[in-house]
Amino acid sequence: MADGDGGTLRTKAPFFLGLRGRLVAGILVVQAVLLAGLIYEHIRDIGEHLGDQAQLRAQQLTVLLNASLATYLIQADYAAAREVLEATRSQAGLAYLQLVGPRGNTIAQAGESPKLPSSVVPNVFDEKAGLFATAVPITMAGQKLATLYFGMPLDFLANAKRHAFWDSVMIGLAAMLISAALLSMLTVWITRRLGQLTRAADQVAAGNYDLDLPLGQQDEVGRAIIAFKQMAESIRAREEELRESRNHLLFLAERDSLTGLYNRHYFRHEMQRRLDEAARGGMEGALLLFDIDEFKLINDSFGHQAGDDILVAVANEIGRMIRRSETFCRLGGDEFVLIAHSATEAEVSTLAQRIVMTLGNMRFEMEGGQQVRLSCSMGVTLYPAHAADPETLLAYADAAMYQAKRAGKNSWQLYRPERDSAAAHLAMLTWKARIDAALEMGMFRLVYQGVYAMPGRRLSHVEALLRMYDEETGRLVTPNYFIPLAERSGQILDIDRWVIRESIRQLRLHPTMPPIAINVSGRTFDDPSITGYIAEQLREQGVAPTRLVVELTETSALSDLVDAERFVRQLRDLGCHICLDDFGAGFASFAYLKHIAADTIKIDGMFIRDLTHDEQSQVFVKAMIEVARGLGVTTIAECVEDEATLAMLVEFGVDYVQGYHLCRPREALPGMGASWEAGH
Ligand code: C2E
Ligand code: MG
Ligand code: MG
């Protein structure tokens, strides 16, 4: 509906090509033909009529002349006959009279006769000579005496015809002029409304539907106008509908249906646009990625509706803080992202701080009166400083968010490339593919770290720790590079099954070695078939379940208490030992010990690393050991890095210790040559 199109359609046709011109011209041509026919007929009629008159007159003359001439001919008085001829010629206005005897001799003559025709043809109209020539016999008592030839001039006939012709032409012209004028007025009247209709169509084509068309006349044009108006109205309605559904489709395509925020699809598009803009204009900005801490726990404890309500509340609360230059999107689940375009690093850190604080201040009253307090962890990346494509930028923000989580949650972290090794940098994007390849090509390895019973420092069991072999560097990659990603992608299920299989295989190969403790992710014990799988592996390989210790982290178990409880119960029924890893790192460790029937708790490394200098940690560790003992649960301290820490732990009454001070993770197993004595 471009204006240009309308313009070409609207060009005005010259009058003779227009409807009016053609109508008038057509009717005038028809009229002219009819008039020409009429005039021709009229003149012909006049000619015939005058011819008849001439003949009548000739007959009258003949009777008179016959009477007077016959007498003179009998008497042979040719002079008198000639006088009669002369008198008749002048009185009757004849051109000539000639009396011819039976032998062809001229008896008398008046006026100049043309050359006589050889045979007498009566009543000849000689147009060339302008005469009506006739010949009549002069008789008496049935006897033919002579033949009289005479010619009447036809001037009067020609004059009458000419007059009649010009009269007709004048009348015809006048009639044509009057009818042309009337016709023009008529066509103007008819086509005026057609012209209005054409202009209205141009208006509609240009998208203007407020038409000023005269209604009321019930003729064909009037009905066309009514139909046109109705058509324009329905086009307007359709266009309105189309616009609405287009907007709705756009909304659906770009928005997240729960919160109404922009979705992942829009985020990608917008991020790319902002990055392009930054590349062109030297501008910079930041990407802030955050998720709600322990959101799964909220969902599982209070139901998905409560989870959804919280997501909507978060979207609204943070949405209120967003400026025009910022774009706020929900990527899915509890993951939100914010693009702060043309913001300085200082502005970004203020914004990040505000979001973390705002979320930290949000409280929810749940059914049953329970209060839930939110917090979030956020990773921040700067563009174009950190990366110039949306995927990498998001992956780095994800890594920074993970760092924030590791640092205790409810906080934000700026992505620091130096924290990532160069290899990890490059590999970040391709981790998913690398994990798949590692699973397929057997690139996963287990390293083992000894766990020692105190105070005798006797090797109690070993913990199997996962590594991925990097062919390019020949190094073993530690799990914090790929486990969080594998947990998100679901690949952790395959990884954990591989670890289970491999550990049990090692136990079968080394029947005298101490038990192996394996780490199992929260995602894996969500899977109801996993305990069946462990039992099957133990049975198939002929390994006693008591030689397998299963470690689950407190936070993962906490996020799905029901699954964790079931998982732990089934494993204990099977005969395996259960150890709660990273104990104390969560908020409700003790409360949850009540639900999970563990054999052992492993006190988180964050309490141990600085134990000798941190009195608070000492209080916590003592309390944990005390409570565990009260519940009949043994304790392990991980990350023991020096003798002083070890001594303090022994003093507190810890049952087992693990850490670099006693044994670094290694590939060899006890009984394979290397000494597993503590401290080696
Ligand atoms: P975790 O189970 O708490 O394992 C202890 C981590 O502390 C290991 O890191 C170990 O190498 C490290 N560590 C041991 N002693 C010391 C010490 O004295 N000082 C310090 N600073 N660190 C020490 P690693 O192997 O990088 O594993 C990290 C985490 O990855 C593990 O924490 C565990 O949660 C997870 N993980 C490891 N292997 C597996 C596995 O096979 N499956 C699953 N699902 N997760 C695993
Ligand atoms: Mg562990
Ligand atoms: Mg641990």
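Residues numbered from 1 in each chain as written. Chains lettered and ligands numbered in written order. Predicted model: local features only at pLDDT ≥ 70, side-chain atom pairs only at ≥ 80, totals over all residues. Heavy atoms only, no water.

## Some remarks on the sheet that holds strand 4 (residues 131-140)
Next, step 1: Strand order across the open sheet formed by 5 strands is 2-1-5-4-3, with antiparallel pairing between neighbours. What marks the edges here is a single partner per strand, and that holds for strand 2 (106-110) and strand 3 (124-126). Put simply, the sheet's adjacent strands are angled 20° from each other on average, direction ignored.
Next, step 2: By the bridge criterion, 3 bridges tie strand 3 to strand 4 in an arrangement that is antiparallel. When the bridges of strand 4 are listed, Asp 126 appears paired with Leu 131.
Next, step 3: Docked against the sheet, helix 2 (residues 19-74) engages strand 1 (96-100), strand 2, strand 3, strand 4 and strand 5 (143-153), running at close to 35° with respect to strand 4.
Next, step 4: Contacts between helix 3 (residues 78-92) and the sheet are confined to strand 1, strand 2 and strand 5, with strand 2 contributing the most and set at about 30° to the helix. (Pairing = 2+ DSSP bridges. Helix = DSSP H or I, 4+ residues; strand = E, 2+ residues; numbered from the N terminus. Axes fitted to C-alpha atoms, helices over the stretch in contact; angles between N-to-C directions. Contact = heavy atoms within 4.5 Å.)

## Things to note about the site of ligand 1
Next, step 1: Taken together, 23 residues form the shell around ligand 1, and within it Arg 467, Asn 519, Asp 581, Glu 641 and Tyr 660 come nearest.
Next, step 2: Between Glu 463 and ligand 1, the recorded distance is 3.1 Å, taken from a side-chain N or O atom to an oxygen atom.
Next, step 3: Between ligand 1 and the protein, one listed contact pairs an oxygen atom with a side-chain N or O atom of Arg 467 at 2.8 Å.
Next, step 4: Summarising the interface, the protein chains cover 84% of the accessible area of ligand 1, which totals 790 Å² for the free molecule.
Next, step 5: Of all elements in the fold, only strand 14 (458-470), helix 14 (492-509) and strand 18 (577-583) reach the threshold of two or more residues within the shell around ligand 1.
Next, step 6: The element contributing the most residues to the shell around ligand 1 is strand 14, with 4 residues.
Next, step 7: Split by residue class, the shell around ligand 1 holds 9 nonpolar, 5 polar and 9 charged. (Near = heavy atom within 4 Å. Polar contact = N/O pair within 3.5 Å; in protein donor to acceptor, adjacent residues only side chain to side chain. Areas by Shrake-Rupley, 256 points an atom, 1.4 Å probe, with all protein chains shown as cover. Nonpolar A, V, L, I, M, F, W, Y, C, P; charged D, E, K, R; others polar.)

## Observations concerning the pairing of strand 17 (residues 548-553)
Next, step 1: For strand 17, the tally of buried residues reaches 5 of 6 residues, placing the bulk of the element in the interior.
Next, step 2: As paired strands, strand 16 (residues 516-520) and strand 17 are joined by 5 bridges and run parallel to one another. Along strand 17, the bridge assignment pairs Ile 516 with Leu 548. (Buried < 20%, exposed > 50% of the residue type's maximum accessible area, 1.4 Å probe, protein only.)

## Remarks on the coordination of the magnesium ion (ligand 2)
Next, step 1: Here the magnesium ion (ligand 2) is held by the protein donor atoms Glu 463 (OE), Asn 519 (OD1), Glu 551 (OE) and Asp 581 (OD), which lie 2.1 to 2.2 Å from it.
Next, step 2: The motif formed by the donor residues of the magnesium ion (ligand 2), counted along the single chain, is E-x55-N-x31-E-x29-D.
Next, step 3: Separation of the magnesium ion (ligand 2) from the magnesium ion (ligand 3) amounts to 4.4 Å, with Asp 581 serving as a shared donor to the pair. Of this pair, Glu 551 sits in strand 17 while Asp 581 sits in strand 18, placing them 30 residues apart in sequence.
Next, step 4: Overall, the relative accessible area of 1% leaves Glu 551 in the buried class. (Donors = N, O, S within 2.8 Å, 3.2 Å for Na, K, Ca; no water.)

## Structural notes on the packing of helix 4 (residues 155-205) against helix 5 (residues 220-254)
When two helices pack together, their arrangement is captured by the angle between the axes and the distance separating the axes.
Next, step 1: The N-to-C vectors of helix 4 and helix 5 enclose an angle of 10°; their axes lie 10 Å apart at closest approach. On the basis of their axis angle, the class for helix 4 and helix 5 is roughly parallel. Note on element contacts: helix 5 touches helix 4 through Val 221, Gly 222, Ala 224, Ile 225, Phe 228, Ala 232 and Ile 235, opposite Ile 190, Arg 193, Leu 194, Leu 197, Ala 200, Ala 201 and Val 204.
Next, step 2: Its residues placed into classes, the contact of helix 4 with helix 5 shows 12 nonpolar, 1 polar and 1 charged. (Parallel < 35°, antiparallel > 145°, perpendicular 65-115°, else oblique.)

## Description of the packing of aromatic side chains
Next, step 1: Per the counting criterion, the structure on display carries 10 aromatic pairs.
Next, step 2: Seen in terms of ring centroids, Tyr 262 and Tyr 266 are 3.8 Å apart; in terms of plane orientation they differ by 15°. Their pairing is stacked.
Next, step 3: Look at Tyr 262 and you get partly exposed, because its relative accessible area is 21%.
Next, step 4: A relative accessible area of 13% means that Tyr 266 is categorised as buried.
Next, step 5: Between Phe 525 and Phe 567, the aromatic rings sit 5.2 Å apart at their centres with planes inclined by 25°, giving stacked as the arrangement. Placement of the pair is Phe 525 in helix 15 (residues 522-525) and Phe 567 in helix 18 (residues 561-574), with a sequence separation of 42 residues.
Next, step 6: Three or more aromatic residues link up through ring pairs in this structure, and these residues are Phe 290, Phe 328 and Phe 336. (Phe/Tyr/Trp six-rings, centres within 6.5 Å; stacked < 30°, edge-to-face > 60°.)

## What about the domain arrangement of the protein chain?
Next, step 1: Segmenting the protein chain into domains produces domain 1 (21-161), domain 2 (255-419) and domain 3 (445-657).
Next, step 2: Between the C-alpha centres of domain 1 and domain 2 the distance comes to 124 Å. (Domains from an automatic or database assignment.)

## As for the coordination of the magnesium ion (ligand 3)
Next, step 1: Note on the magnesium ion (ligand 3): its protein donors are Asp 581 (OD), Asp 582 (OD), Glu 638 (OE) and Glu 638 (OE). The metal-donor distances range over 2.0 to 2.5 Å.
Next, step 2: Counting the intervening residues between successive donors of the magnesium ion (ligand 3) yields the motif D-D-x55-E.

## Comments concerning the environment of Arg 264
Next, step 1: Note on placement: Arg 264 falls in helix 6 (residues 264-281).
Next, step 2: With 66 residues separating them along the chain, Arg 264 and Arg 330 place their C-alpha atoms 6.6 Å apart.
Next, step 3: Beyond its immediate stretch of four places on either side in the chain, Arg 264 contacts Arg 330, Leu 331, Glu 335 and Leu 394.
Next, step 4: Polar contacts involving the side chain of Arg 264 include one to the main-chain carbonyl oxygen of Leu 331, which spans 3.4 Å.

## With respect to the sheet that holds strand 7 (residues 326-332)
Paired through backbone hydrogen bonds, the strands of a sheet run either parallel or antiparallel to each other.
Next, step 1: Taken together, the 5 strands give an open sheet; going across it, the order is 7-8-6-11-12, and neighbouring strands pair in mixed fashion. With partners counted over all chains shown, the strands left at the sheet margins are strand 7 and strand 12 (411-414), one partner each. Direction aside, the axes of adjacent strands within the sheet are offset by 20° on average.
Next, step 2: Of the strand pairs in this sheet, strand 7 and strand 8 (residues 335-341) are connected by 6 bridges, and their pairing is antiparallel. Of the residues in strand 8, the one forming a bridge with Arg 330 is Phe 336.
Next, step 3: Together, strand 6 (285-292), strand 7 and strand 8 form the strand contacts of helix 8 (residues 304-319), whose direction differs from that of strand 6 by roughly 150°.

## Looking at the environment of Ala 32
Next, step 1: Relative to the helices and strands, Ala 32 is located in helix 2.
Next, step 2: Ala 32 sits in the partly exposed class, given a relative accessible area of 29%.

## Some details on helix 6
Next, step 1: In this model, helix 6 (18 residues) spans 25 Å end to end at C-alpha, consistent with the 26 Å of a helix rising 1.5 Å per residue.
Next, step 2: Within helix 6, burial applies to Tyr 266, Phe 267, Glu 270, Met 271, Arg 274, Leu 275, Glu 277 and Ala 278. Viewed along the axis of helix 6, the buried residues span an arc of 160°, placing them on a single side of the element. Residues of helix 6 that are exposed and angled more than 90 degrees away from the buried face: His 265, His 269, Ala 279 and Arg 280.
Next, step 3: Looking at the packing, one finds that the buried side of helix 6 touches helix 5, strand 6, strand 7, strand 8, strand 11 (376-383) and helix 10 (390-406).
Next, step 4: Two to three positions downstream of the cap, the backbone nitrogen of His 265 sits 3.3 Å from a side-chain oxygen, assigning the N-cap of helix 6 to Asn 263.
Next, step 5: Where helix 6 terminates, the next one or two residues include Gly 282, which has phi positive at roughly 65°. (Expected span 1.5 Å × (residues − 1). Arc of directions from axis to C-beta.)

## Points about unusual backbone geometry
Next, step 1: Backbone torsion omega between Tyr 383 and Pro 384 reads 5°, so that peptide bond is classified as cis.
Next, step 2: The backbone of Asn 410 shows a phi angle near 45°, a positive value even though the residue is not glycine.
Next, step 3: Mapped onto the secondary structure, Asn 410 falls in the loop between helix 10 and strand 12.
Next, step 4: Phi is positive for Cys 639, which is not a glycine, with a value near 60°.
Next, step 5: By the element assignment, Cys 639 lies in the loop between strand 20 (634-637) and helix 22 (643-652).

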